[in-house]
Amino acid sequence: MKVEQISIFIENKSGRLAEITRILGENGINIRALSLADTSDFGILRLIVNDVERANHVLKGKGFTVNKTEVVAVEVPDRPGGLGAILQTLDTESINVEYMYAFVEHCGGNAVIIFRFDETDKAINVLKANNFSVLAGERLYSM
Amino acid sequence: MYFNEEFETLPRPALEALQLKRLQVVVERVYANVPFYKDSFDRAGLKPADVRSLDDLQRFPFTTKQNMRDSYPYGLFAAPLEEVVRIHASSGTTGKPTVVGYTQKDIETWSELMARSFMAAGAHRGDIIHNAYGYGLFTGGLGAHYGAERLGASVIPISGGNTKRQIMIMQDFGSTVLTCTPSYSLFMAEEASAAGIDFKKLKLRIGIFGAEPWSEAMRGEIEAKLNLSAIDIYGLSEIMGPGVAIECIEAKKGLHIWEDHFIPEIIDPATGLRLPDGELGELVITTITKQGIPLIRYRTRDITSITYEPCVCGRTHARINRMCGRSDDMLIIRGVNVFPSQIESILVGIEGVEPHYLLIVDRKDNLDTLEVHVEVDEGIFSDEIKILQLLSKRIEKEIKDVLGITCTAKLVEPKTLQRSEGKATRVIDKRKF
């Protein structure tokens, strides 16, 4: 029930993001979701892609620092209060969110939220026990 | 104006005769009292009696900073600790500092040479000397302090830091002579100007600046902004501290090295052979009057040249030129000696950090800045910002704790730092000296 995300370290200088997307594009890798966290000196690009291994391989080959982390994808109804209900549940169960980002499915009426937790397994159990729809990686990669 | 006219203007033949006599005594003394020197002279097949002329000094082995470190803390002392009245240590700390001890006589010599230096710079009895060199293990503060007292001037032992207060004291106390690093003087000038204080209204007449390299252009800037005559002073703790050599205010062209106490040589750092006068090379100094820790042919690593041409001021002592570099990779950042290898060993000590780094030294607002670039590889990379930020902070803190200098750690992508076949470029020094 976990989703593999790749994260890439990028210095804050022009053209780095374009470089990464170009490499991925040339290798036929499709980005499903992304988030860019930035500081004044560097950024971390987090990606969900359709082919994690290949993306990891080609980016490393180009000298980028890449790591893989397990995140959790949760489907929420795309309506007011949808995200709030999940966060409330996590808070009640004392599960800390390291970071999160969202994307809206382009078909169907749901949004997908990507969460990074400290305790991934515990979080998945809690979410499932509360009837939230946790998406499998395969489903996400092929969306 | 001389502090000790007889010795400062001693005709060269008499000066050289005095040097030889003192050299013979010191060589005898270290051979008898310091096992390191006995070994090193024995290995070179030399006895103290082999010093028959000043030229014979060239046959003797060098003493290096490493020799001093290996002898930490008291191994090179030639006087028993009961006779040592003061201990200083250099800031260069690859693990251990270099420790120097002074007997009462050494303190008196140092005070006199500092007093001579003040006088050569144009200071005299009645001056109010604002001493903003740091007091402590660093020799700058106390060296200048004792010299100022010996001169008979009034010394304000303010030490470094707290710039606003420094400026207030200079205004209120009527300081006439300022001693500090050249970069700090410019920093003060800017702080003062920001506070609406005009340095031209202060009573400062002379600035005696040392402990870091500076340029003729910087002298111009300091003189214009602080409205004083800026004098370059040279010293190093291993040899004595400040006051080994100083420019005279009459010529401001080369620093007179007090030859009745030190024998200077300029060598080719690669071959160790002596170079002709005027050629650039490494300054080597033999102390000929020190009691606590006399050093024979100490390699200072400072690059300069020497001239024995007479000076308009009448002093007969040779002049060394403004230091124009180092024969090793030591950096002087805000007056602190830093070797890239020290930073490397700190980085390697931090788990996961690869020793691929680049030091960028610059000068902003007249203060030295240090940026430490560290490559982020998979070992330290995290998808969480806070973990990387903690890493930067940790690098900054450890460098501050060990070396005492503030730096900015910057995480960079791998392979962005130059890899070369031979020696990697570890330092980019953007400062202009």
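Calculation notes
Sequence order sets the numbering: in each chain, residues are counted from 1 along the sequence as written. The lettering of chains begins at A and the numbering of ligands begins at 1, in the order of writing. Predicted model: local features are reported for residues with pLDDT of at least 70 only, side-chain atom pairs are reported and counted for 80 or more only, and whole-chain, interface and lining totals are derived from all residues. Water and hydrogen atoms were dropped before computing side-chain values, which therefore reflect all heavy atoms in the structure. UniProt positions are given in the numbering used here, feature names are shortened, and annotations may be inferred rather than shown by experiment. Helix and strand definitions follow DSSP, with helices as H or I runs of at least four residues and strands as E runs of at least two, each counted in order from the N terminus. The start and end points of each domain follow an automatic or database-based domain assignment. Whether two residues touch is decided by their heavy atoms; if any such pair falls within 4.5 Å, the residues are in contact. By buried area we mean the combined loss of accessible area, with a 1.4 Å probe, across both parts when two parts are placed together. Salt bridge criterion: a side-chain nitrogen from Lys or Arg within 4 Å of a carboxyl oxygen from Asp or Glu. Throughout this description, a polar contact denotes any pair of N or O atoms lying within 3.5 Å of each other; where both atoms belong to protein, one of them has to be capable of donating a hydrogen while the other can accept it, and for residues adjacent in sequence the pair is counted only when both atoms sit in side chains. Each residue gets one label: Ala, Val, Leu, Ile, Met, Phe, Trp, Tyr, Cys and Pro are nonpolar, Asp, Glu, Lys and Arg are charged, and the others, such as Gly, are polar.

Draft legend 1. How the structure looks around the UniProt feature "domain: ACT" (unreviewed entry) in chain A. Taking the numbering used here, the UniProt-annotated feature "domain: ACT" (unreviewed entry) corresponds to residues 5–81 of chain A. For residues 5–81 of chain A, the end-to-end C-alpha separation is 26 Å, with 27% helix and 45% strand making up the annotated structure.

Draft legend 2. Highlighting the domain arrangement of chain B. All names here are of chain B. What the domain assignment reports for chain B is domain 1 (1–325) and domain 2 (329–427). Computed over C-alpha atoms only, the centres of domain 1 and domain 2 are separated by 31 Å. Counting residues at the interface gives 14 residues for domain 1 and 15 residues for domain 2. For the pair domain 1 and domain 2, the summed buried surface comes to about 1200 Å²; carbon and sulfur atoms form 50% of the total. Where domain 1 packs against domain 2, one counts 1 salt bridge. With its nearest N and O atoms 3.9 Å apart, the salt bridge here joins Glu212 to Arg363. Counting the contacts that link domain 1 with domain 2 gives 0 residue pairs in polar contact (both at pLDDT 80 or more). Of all elements in the fold, only helix H8 (182–194) and helix H9 (216–226) reach the threshold of two or more residues within the side of domain 1 that touches domain 2. Here the side of domain 1 that touches domain 2 is composed, by residue class, of 5 nonpolar, 5 polar and 4 charged.

Draft legend 3. Just the interface of chain A and chain B, in detail. Opposite the 25 residues of chain A that make contact, chain B presents 18 residues. The three residues of chain A that bury the most area against chain B are A:Phe9, A:Glu11 and A:Thr65, which together make up 31% of that side's buried surface. On the surface where chain A and chain B come into contact, there are 5 salt bridges. Residue B:Glu413 is joined to A:Arg16 by a salt bridge in which the shortest nitrogen-to-oxygen separation is 2.4 Å. Linking chain A with chain B are 10 residue pairs in polar contact (both at pLDDT 80 or more). Secondary structure elements with two or more residues in the side of chain A that touches chain B: strand S1 (3–11), strand S2 (31–38), strand S3 (42–49), strand S4 (66–77) and strand S5 (97–104) of chain A. At 6 residues, S1(A) tops the list of elements feeding residues into the side of chain A that touches chain B. Residues of the side of chain A that touches chain B, tallied by class, amount to 9 nonpolar, 7 polar and 9 charged.

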